[in-house]
Amino acid sequence: MTFQAFLLTITLLMAFQTSNTSPLDSVKKIGPTNAPKVAKVDEIRNRAQFIARSCKEVREVYGQSENGLYYLTTSTGVVYQTFCDMTTAGGGWTLVASVHEDNIYGKCTVGDRWTSQQGNNANWPQGEGNWANRKTFGTVEAATDDDFKNPGYYDIVAEDMSVWHVPNNTPVNHWKLAAIMRYHTDRRFLHLYGGNLYSLFHRYPVEYNVGAHLSDNGPSIPIVYDLGDKESTKMFYGPYSGAEIEGGFISFRAINYERAATAICSGVKPKGGNAETYCIGGGGFFPEGNPLQCGDFTAFAWNGYGTHVGWSASKQMLESAVLLFYR
Ligand code: 3S6
Ligand code: CA
Ligand code: CA
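Residues numbered from 1 in each chain as written. Chains lettered and ligands numbered in written order. Predicted model: local features only at pLDDT ≥ 70, side-chain atom pairs only at ≥ 80, totals over all residues. Heavy atoms only, no water.

With an unreviewed UniProt entry as reference, the protein chain is termed Fibrinogen C-terminal domain-containing protein, source organism Hucho hucho.

As structure tokens, then:
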């Protein structure tokens, strides 16, 4: 090495050491006006350090009691972000899915992920099959703008469920306040069905022609209301529907008169066979009025859009996503 080269090396080394900068410095050196905002984002992003399989674990192990987005890790190591309700009835509720109706006029067309996106077809009795598979879709921030299903749906072993009906296109931070109905179960019923909906719907397949209305329906579980009551629940569904449902329950795999299967009757227990007018999600075939009853919100607009006449649900119900939580 020449003396000049030696000097240059020393100079470069000193310059490197004295400057002592890293690409992160521009992120850390924030002006006073941005500081509180960035500190909040920093706090939320630091939640990535928690290793927990559910919001219940995040609350219990890491002492978190604020509603918002957290990172969860499945048993196989998949990391995903979802919303935790840390305040209702002791908190620790994990959002695992949302059922959203993008277009009630589309009959088992694009967007009907919880039913069929490929038409009303008796040869495809389970439709998309998403109630009992590991396919995931959507994003947590768009859970009221589109369907959502995350790995927690099949990974979390839970005891109870909570359900929020939230008007479409509501931002995450307003979900709780904007909700038109909220309730939860408190009897640890999921113990009996494998700990989650993935298992429950394996035992009660959401499939056309698996059985008859009422006699082959899945369980109806009593609920505790956090917003609303039995009567307000019935008012969200059509007056004819009201005559064949009882408020104060969440029901699974309700079958209709024509042997079509629906997945969830939110807030109610069926007492008849027009389940397509008050239950959501389903298999791939609905015989009556083919294809008019096929879709994520099935036949909620049978007597007009949001009319609350005959079998039609109210506009509020039709235009709200159904958010499903586990604890
Ligand atoms: C209360 C009258 C029964 O109406 C029937 O139910 C009518 O014929 C059908 O249009 C309707 C549908 O089955 C509702 O799903
Ligand atoms: Ca949908
Ligand atoms: Ca009917």
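Having put the structure on the table, let's press on.
Colleague: Can you help me understand the layout of surface pockets in this one?
Modeller: Its volume calculated, the largest pocket comes out at about 290 Å³. What lines the largest pocket is Lys-40, Ile-44, Arg-47, Glu-66, Asn-67, Gly-68, Leu-69, Gln-81, Glu-141, Val-172 and Asn-173. Of all elements in the fold, only α3 (35-45) and β1 (68-73) reach the threshold of two or more residues within the lining of the largest pocket. Volume-wise, the second largest pocket comes out at about 200 Å³. Contributing to the lining of the second largest pocket are 16 residues, with Ser-54, Lys-56, Ile-156, Val-157 and Ala-158 lying nearest its centre. Counting residues per element, the lining of the second largest pocket draws most heavily on helix α4 (residues 55-62), at 4 residues. Residues that form the lining of the second largest pocket fall into these classes: 5 nonpolar, 4 polar and 7 charged. (1 Å grid on protein atoms, 1.4 Å probe; cavity = no way out; pocket = protein on both sides within 12 Å on 5 of 7 lines; lining within 4 Å. Points joined across faces, edges and corners; volume = space filled by probe spheres on them. Helix = DSSP H or I, 4+ residues; strand = E, 2+ residues; numbered from the N terminus. Nonpolar A, V, L, I, M, F, W, Y, C, P; charged D, E, K, R; others polar.)

Colleague: What is the right way to read the nonpolar core from this model?
Modeller: Within soluble globular proteins, side chains that are nonpolar generally end up buried alongside one another. Within the largest apolar cluster, 58 residues are counted, with the highest numbers of intra-cluster contacts made by Trp-131, Tyr-153, Met-161, Phe-201, Phe-252 and Ile-264. Sort the elements by how many residues they give to this core and helix α7 (residues 197-203) lands first, with 4 residues. Once residues lying within four places of it in the same chain are set aside, the contact partners of Met-161 are Trp-93, Tyr-183, His-184, Thr-185, Phe-189, Leu-190, Leu-197, Ile-250, Phe-252, Leu-324, Phe-325 and Tyr-326. Core analysis: the second largest hydrophobic core is formed by 15 residues, Phe-83, Val-166, Val-172 and Phe-325 among them. (Core = buried A, V, L, I, M, F, W, Y, C linked by side-chain atoms within 4.5 Å. Buried < 20%, exposed > 50% of the residue type's maximum accessible area, 1.4 Å probe, protein only. Contact = heavy atoms within 4.5 Å.)

Colleague: Please clarify how the pairing of strand β5 (residues 161-167) should be interpreted in this entry.
Modeller: A regular strand places its side chains so that they alternate between the two faces of the sheet. The element β5 is extensively covered by neighbouring structure, given that 6 of its 7 residues are classed as buried. The pairing of β5 with strand β14 (residues 320-326) spans 7 bridges and is antiparallel. Following the sheet pairing, Val-166 is matched in β14 by Ala-321. With 4 bridges joining them, β5 and strand β6 (residues 181-184) adopt antiparallel strand pairing. Residue Trp-164 lies in a different strand from β6, and its bridge partner there is Arg-182. (Pairing = 2+ DSSP bridges.)

Colleague: Can you walk me through the coordination of the calcium ion (ligand 3) in this structure?
Modeller: Ideal donor angles around a metal are set by the shape: a four-donor tetrahedron calls for 109.5 degrees, a six-donor octahedron for 90 or 180 degrees. The coordination sphere of the calcium ion (ligand 3), as far as protein atoms go, consists of Asn-274 (OD1), Glu-276 (OE) and Glu-288 (OE), spread over 2.2 to 2.4 Å. Sequence positions of the residues that donate to the calcium ion (ligand 3) give the spacing N-x1-E-x11-E. For the pair Asn-274 and Glu-276, a shared accessibility class is recorded, and that class is buried. (Donors = N, O, S within 2.8 Å, 3.2 Å for Na, K, Ca; no water.)

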